[in-house]
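Listed here are the chains, written in short residue letters.
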Amino acid sequence: MITTHVFIAVSLDGYIARENDDIDWLLQRDDPTEDHGYEAFIADKEWIVMGRGSYEKVLSFDTWPYDRPVLVLSRQLANTPVPEALKGKVQFSHRTPTEVLDDLAAQNVHRVYLDGGQVMQSFLREGLVADMVITTVPVLLGSGKSLFGSLPQDIDLTLVSSHSFPSGLVQSHYRLKS
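Now for a description of the structure that goes with this document. All residue numbers here refer to positions counted from 1 along the written sequence of the relevant chain. Where totals are concerned, whole chains, interfaces and linings use all residues; where local detail is concerned, this predicted model gives features only for residues with pLDDT of at least 70, and gives and counts side-chain atom pairs only at 80 or more. The side-chain numbers reported here are obtained from all heavy atoms of the structure, hydrogens and water having been left aside.

Glancing now at the layout of surface pockets. Residues are said to line a cavity or pocket when one of their atoms sits within 4 Å of a point; the points come from a 1 Å grid over protein atoms alone, cavities being sets where a 1.4 Å probe fits but cannot get out and pockets being open sets with protein on both sides within 12 Å along at least five of seven lines. Grid points are joined across faces, edges and corners, and a volume is the space filled by probe spheres set on the points. Its boundaries defined by the atoms lining it, the second largest pocket holds a volume of some 170 Å³. Residue lining of the second largest pocket: His5, Phe41, Lys45, Arg111, Asp131, Val133, Ser161, Ser162, His163, Gln171 and His173, and that is the complete set. With three residues, the single largest contributor to the lining of the second largest pocket is strand S9 (residues 157-164). We call Asp, Glu, Lys and Arg charged. Ala, Val, Leu, Ile, Met, Phe, Trp, Tyr, Cys and Pro are nonpolar, and the rest, Gly among them, are polar. Tallied by class, the residues present in the lining of the second largest pocket amount to two nonpolar, six polar and three charged. For the purposes of this entry, the term helix denotes a DSSP run of H or I that reaches at least four residues, the term strand denotes a run of E that reaches at least two, and both are numbered from the N terminus.

See the structure below:
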């Protein structure tokens, strides 16, 4: 069975980025001496599924940070060629969350990292998220891109663990109730 997992940071007031996709507020607070668990989280994930916004943000980094295949869900990019430097590393698709998981399951994939607000929200709305690790950053942005957006109904969660860091970050691991 294939499962999807979220690892994401959010401001105290619930935003994952500013309206212009800027995440400087997050990068400024990243303490390299603290282990926030990303390496342990990603270790057993076979694929990364992200949206166009996350993909474009990652393209602005100095180097491509992923050593796993990445599927970018985007209607805009679906019929465009993958940049030469990312061939074999990235694929574009406009398929639905259920179709994506069916495609990956057919490739014997078991665990997928969902990256980006819109993608996470679309999988969450369809009940396709197993768990979420959410790191809350002690900053109020006032506005921006909401972590969850609007939801068609309540989604019940079980707190698995919570940990605070000297930098003030608080990380909570939630499992979705089925």
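Let us now look at the side chain of threonine 4. By secondary structure assignment, the location of threonine 4 is in strand S1 (residues 3-11). Partly exposed residues are those whose accessible area sits between 20% and 50% of the maximum for their type, while under 20% is buried and over 50% is exposed, using a 1.4 Å probe and protein chains only. When its relative accessible area of 1% is taken as the criterion, threonine 4 is described as buried. Identification of polar contacts relies on pairs of N or O atoms within 3.5 Å, with a donor-acceptor requirement for protein atoms, meaning one able to donate a hydrogen and the other able to accept it, and with residues adjacent in sequence counted only if both atoms are side-chain atoms. Side-chain polar atoms of threonine 4 contact the backbone oxygen of leucine 128, separated by 2.3 Å.

So, on to the nonpolar core. Residues grouped as a nonpolar core are buried Ala, Val, Leu, Ile, Met, Phe, Trp, Tyr and Cys residues, joined through side-chain atoms within 4.5 Å. By size, the foremost hydrophobic cluster in this structure holds 24 residues, and its most contacted members are Val49, Leu104, Val112, Leu114, Phe123 and Val129. Among the secondary structure elements, those contributing two or more residues to this core are S1, strand S3 (47-51), strand S4 (70-73), helix H4 (97-106), strand S6 (111-115), helix H5 (117-125) and strand S7 (131-137). At four residues, H5 tops the list of elements feeding residues into this core. Apart from residues lying up to four places away in sequence, valine 112 is in contact with Ile2, Thr3, Thr4, His5, Lys45, Trp47, Val49 and Leu104. Of all hydrophobic cores here, the second largest spans 18 residues; its members include Tyr66, Val72, Leu86 and Tyr113. The contact definition used throughout considers only heavy atoms, calling two residues in contact when any of these lie within 4.5 Å.

Turning next to H4. The set of residues buried in H4 consists of Pro97, Val100, Leu101 and Leu104. On an axial view of H4, the arc spanned by its buried residues comes to 95°, and they lie on one face. Asparagine 108 sits one or two residues past H4 and shows a positive phi near 65°. Here the arc refers to the set of directions running from the helix axis out to each C-beta atom.

Our focus in this paragraph is the sheet that holds S6. Within a sheet, neighbouring strands are paired by backbone hydrogen bonds and run either parallel or antiparallel to one another. Two strands qualify as a pair provided that DSSP identifies no fewer than 2 bridges between them. Taken in spatial order, the eight strands line up as S5-S4-S3-S6-S1-S7-S10-S9 in an open sheet, and their pairing is mixed. In this open sheet, the two strands that pair with only one neighbour each are strand S5 (90-93) and S9. Taken pair by pair, the neighbouring strands of this sheet meet at an average axis angle of 20°, ignoring direction. Bridge count for S3 against S6 is four bridges, and the pairing is parallel. Following the sheet pairing, tryptophan 47 is matched in S6 by valine 112. Whenever a helix is involved, its axis is fitted only over the stretch in contact; in every case the axis is a line through C-alpha atoms, and angles between N-to-C directions fall within 0 to 180 degrees. Set on the sheet, helix H3 (residues 52-59) makes contact with S3, S4, S5 and S6; between it and S3 the angle comes to about 105°. The strands that H5 touches are S1, S3, S4, S6, S7 and strand S10 (170-176); relative to S3, the one it contacts most, it runs at about 105°.

We now examine the pairing of S7. Note on strand geometry: in a regular strand, side chains alternate between the two faces of the sheet. Of all seven residues in S7, six are buried, a share of seventy percent or more. With seven bridges connecting them, S1 and S7 associate as parallel partners. Counted as the bridge partner of phenylalanine 7 is valine 133 from S7. As paired elements, S7 and S10 share six bridges and run antiparallel to each other. Among the inter-strand pairings, valine 133 is bridged to a residue of S10, identified as histidine 173.

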